[in-house]
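Understanding the architecture of this molecule
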Amino acid sequence: MGRYILQRSIYMLVTLWVIITFTFFLMHFMPGSPLQNEERIPPQMKALIMKEYGLDQPLPVQYVHFLGNLLQGDLGKSFQYNGRDVTELIFQGFPASAQVGIQAVIFGIVIGLTLGVIAALRRGSWVDNLATVIAVLGVSVPSFLLAGLLSFYVGVKLLLLPPAGWGTWQHTIMPSLALSALVIAQMSRYIRTEMLEVLGQDYMKTAKAKGLSRPTVVFRHALRNALIPAVTILGPLTINIITGSLVIEQIFGIPGMAWLFVQSIQVNDYPAIMGVTIFYSVLIIVSIFVVDILYGIIDPRIRIAGAKE
Amino acid sequence: MKKRFYLSLVILLVAGMLLSACGGVQQNSGASGNVLNVRVDGEPPNLDSAVSTDNISFNLLNAVMEGLTRLDKDNKPQLAMAESYTISPDKKTYTFKLRDAKWSDGRPVRAQDFEYGWKRALAPQTASQYAYILYPILNAEKYNTGKAKAEDVGVKALDDKTLQVKLEAPSPYFLGLTSFATYLPQRQDIVEKYGKQYAQEPNKMVYNGPFVLASWQHNESYTLKKNPNYWDKATVKLDGINFKIVKEVSSAINLYKTNGLDYVPRISQEFVDAYKSKPDFKPVTEATTVYLEFNMKKEKVLRNVKIRKAIQMGIDTNILAQNIAKEGKPATALVPPTLQGGNGKLFRDQAPGYVKFNKEEAKKLLAEGLKEEGLSQFPTMELLGDDTDVAKRCLQFIKEQLRTNLGINVNIRSVPFKERLQRSQDGNFQIVLSRWGADYDDAMTFLDLFLTGNAFNRGGYSNPKYDDLIKKAKMNPDFNQRLQQMVEAEKILIQDDAGIAPLYWRQRQNLERPNIKGLVHHPFGPDDDFKWATLNK
């Protein structure tokens, strides 16, 4: 196991390096400079400012510089925010994004799980059909449409929750709900399919034959085994949600980091682009790794390199 | 195995809660007292006036700081930090006497604060992207580009209360310029104390304007409170202003509908129709002109004045401005109607426009022009423009107009803003949809663009007569004569040479509760001034 982790760590570092290198060179191919006032800045002044920022040097030199600073944990200073540290900007935005994302995942799991279990137990009934409809809607209706509808009907028409803004727990409900649609849909489908398969297994008959009560059979024996595939999708799903909430953050005016990412690309804020890319990459690479390790813990059949143990 | 599974679930949940905990910051919203709730679409990068370049910062700085002058509702400079001033007979030396005003920490505002702030913006190592706005000051450009020393710059604090400013040339707009953000005073002790952190948080700066920054939740909101140390605090009626950062216009409008906001500036065009007939709808004419630039360096056919004239006359700018762009009035010349002519009168009042849509005349001119060039047909060209909704609609309309009115075929190329700039700079275009906004309140801010060799004269327009007039006007201490020279120059550029095709003068559209009074809007510089605003709840 230790060797496996070491090996994986090296792969992770290599992956990260490849991502950094690609992003670095690709972003410098974008037209324009990171100057905010580019439209009207006199050219001779522009040259001086570029020199001040070290942007007049050849790209490979800038690249080596960047890597050197990165190894010391310095992501540099943002151009668009007049020299605020990129690290500071990321940690300003991330908590809000994470809060909405994690709440969405929790909503999604709870609702999705319930729907999936009921649908499986009452296969063919109206509950099952309803769950199917919800799942299809959840996958096919884009979250920003749902967000817009929620904001307008719940926020403006019914005045139940603030239509946008940030600051209190009420502000977090609608964005989390809008984001959780996909999780609900995926979760309920997975759980339903797995439950149905598990319910048809021989050991379920054994459990029933032993005279165990129905809740015990369903929750201790069926659901636990049905959860395995669900856990495997949870890692990537969580990351997707935390990082992919751009439009939701826009619609609800959430001070998250999705905007930072898009804005940095639009205005060629090189240090911010690199910082956010690295941050997201590390998040995703590590979470994939954790999920891989979790597989082994949850299901011994999938123990990867641990055959000798 | 079971235990470990539950353990990992618990860890996940706990981690989630911890992360959520650091995200939630309590903030009481909703208006209490005489407080205005304003939508803003982003965060000011910081409030260091020497390096600010964006509207959000300009607006905020205008509320919490004050320069020698402040623009009133007619965009006329009113004395602010300055109590009086004298101008030398050659109109090149201004001597300002400062009033007894205080910074928010109780220290007096001194002439040295101005000298320091301006020179700091000009210092090459500050890398200020708006430093050129100080170039009317003697030797400012030379110092900024490393060709002179700080001592050579024509700004000097003679004593605590007297500031002397020497200019490169007589500039009728200079007094108004001193209200601009880059001309704000800065406190050397505060700037040096916080270094790189200066003006990044409310407590890392000092204020001398009508309001002070009370709190700043990054990317979320910032609030202003009335400044008790402000010299003219009796005039300030608002107790405070809450700026809420809402990026999406539709969300801002939802908040406006539910009374979460009182003022939503810059609503996008799709909401204009819904609000057009309501009292909340307040359009503000900006000092911005949208026009077509022709690449005369590269395209021989565009060097023909009759052909340019045909294009200039062949587009129905009435329909373009009012039904297509829906954000302005048709332009008949270069200089927008809100700008001064330099002698106390509006430039446009002295020189009405020149361009008028005339399909028949345009057709005739095109035929003549093509004949002169020995062509039977206008070659297909590329029409470059931004990829915003408004720009795309305009490009489409222009293409249609050119095709149906003149039989000219163009291919549209919509690119991101940064790429449009790059292509314009590199001369990599044929016809481009451009725009320019005023830097200061004088027609010169538009007219000197089209001097031969000016970096922003992307099409390469060149006429020695035009150059001569503009250069003379720039040095002319007789402001009536100066105005005549500018009027004549514009006529050459637009009517005689059709150097560009003006399309429309832009306006921005605001939603403002009818019970707000005295909220002042400017066509350039800071969008709004809250000093005189009142709210009858």
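Residues numbered from 1 in each chain as written. Chains lettered and ligands numbered in written order. Predicted model: local features only at pLDDT ≥ 70, side-chain atom pairs only at ≥ 80, totals over all residues. Heavy atoms only, no water.

**Quick notes on the overall build of chain A**
In plain terms, the rule: Secondary structure elements are taken from DSSP: a helix is a run of H or I of four residues or more, a strand is a run of E of two residues or more, and numbering for both begins at the N terminus. Atoms counted for the radius of gyration: C-alpha only. Globule rule: 2.2 Å times residue count to the power 0.38. Buried, partly exposed and exposed residues are distinguished by accessible area as a fraction of the type maximum, computed with a 1.4 Å probe on protein chains only: under 20%, between the cut-offs, and over 50%, respectively. Throughout, a residue-residue contact means that at least one pair of heavy atoms, one from each residue, lies within 4.5 Å.
Per the secondary structure count, chain A includes 12 helices and 0 strands. Starting at the N terminus and ending at the C terminus, chain A contains elements arranged as α-α-α-α-α-α-α-α-α-α-α-α. For 309 residues, the compact-globule formula gives about 19 Å, and the C-alpha radius of gyration of chain A, at 24 Å, lies well above that figure. Counting every position in chain A, which comprises 309 residues, the buried fraction comes to 52%. Considering only contacts within chain A whose residues lie at least 6 apart along the sequence, 73% involve residues at least 24 apart.

**Quick look at the overall build of chain B**
Where we set the bar: Using a 1.4 Å probe, accessible areas were evaluated by the Shrake-Rupley method; residue-level cover was limited to the displayed protein chains. Neither His nor the chain ends is counted toward charge; the positive residues are Lys and Arg and the negative residues Asp and Glu. Lysine's charge is taken at NZ, arginine's at CZ, aspartate's at CG and glutamate's at CD.
In terms of regular secondary structure, chain B is built from 17 helices and 21 strands. Structurally, chain B occupies a C-alpha span of about 80 × 80 × 50 Å along its principal axes. Looking at chain B as a whole, 60% of its 537 residues qualify as buried. Taking as baseline every contact in chain B between residues at least 6 positions apart, the subset at least 24 positions apart corresponds to 68%. As displayed, chain B offers around 21100 Å² of accessible surface, 51% of which is attributable to carbon and sulfur atoms. Treating the 75 positive side-chain charges of chain B as one cloud and the 63 negative ones as another, the clouds have centres 3 Å apart.

**A look at the UniProt feature "transmembrane region" (unreviewed entry) in chain A**
Residue and element names in this part refer to chain A. Our working rule: UniProt positions are given in the numbering used here, feature names are shortened, and annotations may be inferred rather than shown by experiment.
According to UniProt, the feature "transmembrane region" (unreviewed entry) maps to residues 12-30, 100-121, 133-156, 168-185, 226-252 and 272-298 in the numbering used here. Its end C-alpha atoms 27 Å apart, residues 133-156 is made of 92% helix and 0% strand. Within the segment residues 168-185, helix and strand shares are 94% and 0% respectively, and the terminal C-alpha atoms sit 27 Å apart.

**Examining the interface of chain A and chain B**
The following threshold applies: Whenever a carboxyl oxygen of Asp or Glu lies within 4 Å of a side-chain nitrogen of Lys or Arg, that contact is scored as a salt bridge. We define a polar contact as two N or O atoms separated by no more than 3.5 Å, with the added condition that, inside protein, one atom must be a possible hydrogen donor and the other a possible acceptor, whereas residues neighbouring each other in sequence contribute only through side-chain atom pairs. Gly is placed with the polar residues, together with every amino acid not listed as nonpolar (Ala, Val, Leu, Ile, Met, Phe, Trp, Tyr, Cys and Pro) or charged (Asp, Glu, Lys and Arg).
Each partner contributes to the interface: chain A provides 61 residues, whereas chain B provides 64 residues. Counting the contacts that link chain A with chain B gives 1 salt bridge. The closest approach of N and O atoms between Arg84 of chain A and Glu43 of chain B, which form a salt bridge, is 3.1 Å. At the junction of chain A with chain B, the criterion picks out 11 residue pairs in polar contact (both at pLDDT 80 or more). Sorting the residues of the side of chain A that touches chain B by element identifies helix H2 (43-52), helix H4 (86-121), helix H6 (143-157), helix H9 (214-243), helix H10 (246-252), helix H11 (258-266) and helix H12 (270-298) of chain A as the ones contributing at least two each. For the side of chain A that touches chain B, the residue count by class is 34 nonpolar, 18 polar and 9 charged.

**Things to note about the packing of aromatic side chains**
Stated precisely, the cut-off is as follows: Each Phe, Tyr or Trp ring (for Trp, its six-membered ring) is paired with any other whose centre lies within 6.5 Å, and the angle between the two planes then decides the class: stacked below 30 degrees, edge-to-face above 60, tilted in between. Remark: a charge is flagged as sitting over a ring if the NZ atom of Lys or the CZ atom of Arg is within 6 Å of the ring centre and within 35 degrees of the ring normal.
What the rule picks out here adds up to 29 aromatic pairs over all chains. Each ring, one from Phe152 of chain A and one from Tyr153 of chain A, has its centre 5.2 Å from the other, and the planes form 85°; the classification is edge-to-face. Of the residues examined, Phe152 of chain A reaches a relative accessible area of 24% and is grouped as partly exposed. The class for Tyr153 of chain A is partly exposed, based on a relative accessible area of 47%. The side chain of Lys278 of chain B reaches across the aromatic face of Tyr275 of chain B, ending 5.0 Å from its centre.

**Comments concerning the nonpolar core**
Here is the rule we go by: Nine residue types can take part in a nonpolar core, namely buried Ala, Val, Leu, Ile, Met, Phe, Trp, Tyr and Cys, and a core is a set of them joined through side-chain atoms within 4.5 Å.
Among the nonpolar cores identified, the biggest contains 189 residues, and Trp118, Ile137, Val165, Leu292, Ile311, Phe378 and Leu447 of chain B are the most heavily contacted of them. When residues of this core are assigned to their parent elements, the largest contribution, 12 residues, is made by H12 of chain A. Here Val165 of chain B is in contact with Lys92, Thr93, Tyr94, Phe96, Trp118, Ile137, Gly154, Val155 and Phe174 of chain B, once residues within four sequence places are set aside. The next biggest cluster of nonpolar side chains, apart from the first, holds 37 residues, and it includes Val100, Met204, Ile233 and Ile241 of chain A.

**With respect to the UniProt feature "domain: Solute-binding protein family" (unreviewed entry) in chain B**
Look at the UniProt record and you will see "domain: Solute-binding protein family" (unreviewed entry) annotated at residues 76-456 of chain B. Segment residues 76-456 of chain B splits into 29% helix and 22% strand. End C-alpha atoms: 28 Å apart.

**Some remarks on the environment of Ile228 of chain A**
Within the secondary structure, Ile228 of chain A sits in helix H9. When the C-alpha positions of Ile228 of chain A and Gly32 of chain A are compared, they lie 49 Å apart, and in sequence the two are 196 residues distant.

**So, the confidence of the model for chain A**
Quick note on the threshold: A score from 0 to 100, pLDDT tells how confident the predictor is in each residue.
Overall, the prediction assigns chain A a mean pLDDT of 85, with 95% of residues at 70 or greater. This model gives residues 305-309 of chain A a pLDDT under 50, and the stretch forms 2 contacts once residues within four places in sequence are excluded.

**Looking at H6 of chain A**
Stated precisely, the cut-off is as follows: Here, expected helix span is obtained from the residue count minus one, scaled by 1.5 Å.
With 15 residues, H6 of chain A ought to run about 21 Å at 1.5 Å a step, and its terminal C-alpha atoms sit 20 Å apart, in line with that. Restricting attention to buried positions, one finds in H6 of chain A the residues Ala147, Leu150, Ser151, Val154, Gly155 and Val156 of chain A. As for H6 of chain A, its buried residues are in contact with helix H7 (169-199) and H10 of chain A together with helix H7 (249-257) of chain B. Directly beyond the C-terminal end of H6 of chain A, a positive phi value near 55° is found at Leu159 of chain A.

**Describing a positive patch on the surface**
Selection criterion: Residues enter a patch when their relative accessible area is above 30% and they make no salt bridge; the linking distance is 9 Å between like charges and 5 Å between nonpolar side chains (Val, Leu, Ile, Met, Phe, Trp, Tyr).
On the surface, Lys102, Lys226, Lys233 and Lys237 of chain B cluster together into a patch of positive charge. With respect to the element layout, Lys226 of chain B can be found in strand S9 (residues 221-226).

**Some thoughts on the side chain of Glu194 of chain A**
For Glu194 of chain A, the location among the structural elements is in helix H7. In this structure Glu194 of chain A comes out as buried when scored by relative accessible area, which is 19%.

**Quick word on the pattern of salt bridges**
All told, the structure shown has 36 salt bridges over all chains when counted by the stated rule. Residues Asp202 of chain A and Lys205 of chain A are paired through a salt bridge, measuring 3.8 Å at the closest nitrogen-oxygen approach. With Asp202 of chain A and Lys205 of chain A both in helix H8 (residues 202-209) and 3 residues apart, this pair spans about one turn of that helix. Each member of the pair Asp202 of chain A and Lys205 of chain A is classed as exposed. Residue Asp232 of chain B is joined to Lys531 of chain B by a salt bridge in which the shortest nitrogen-to-oxygen separation is 2.9 Å. Placement of Asp232 of chain B in the loop between S9 and strand S10 (240-245) and of Lys531 of chain B in the loop between strand S20 (528-529) and strand S21 (534-535) is noted, with a sequence separation of 299 residues between them. Both residues of the pair, Asp232 of chain B and Lys531 of chain B, count as buried.

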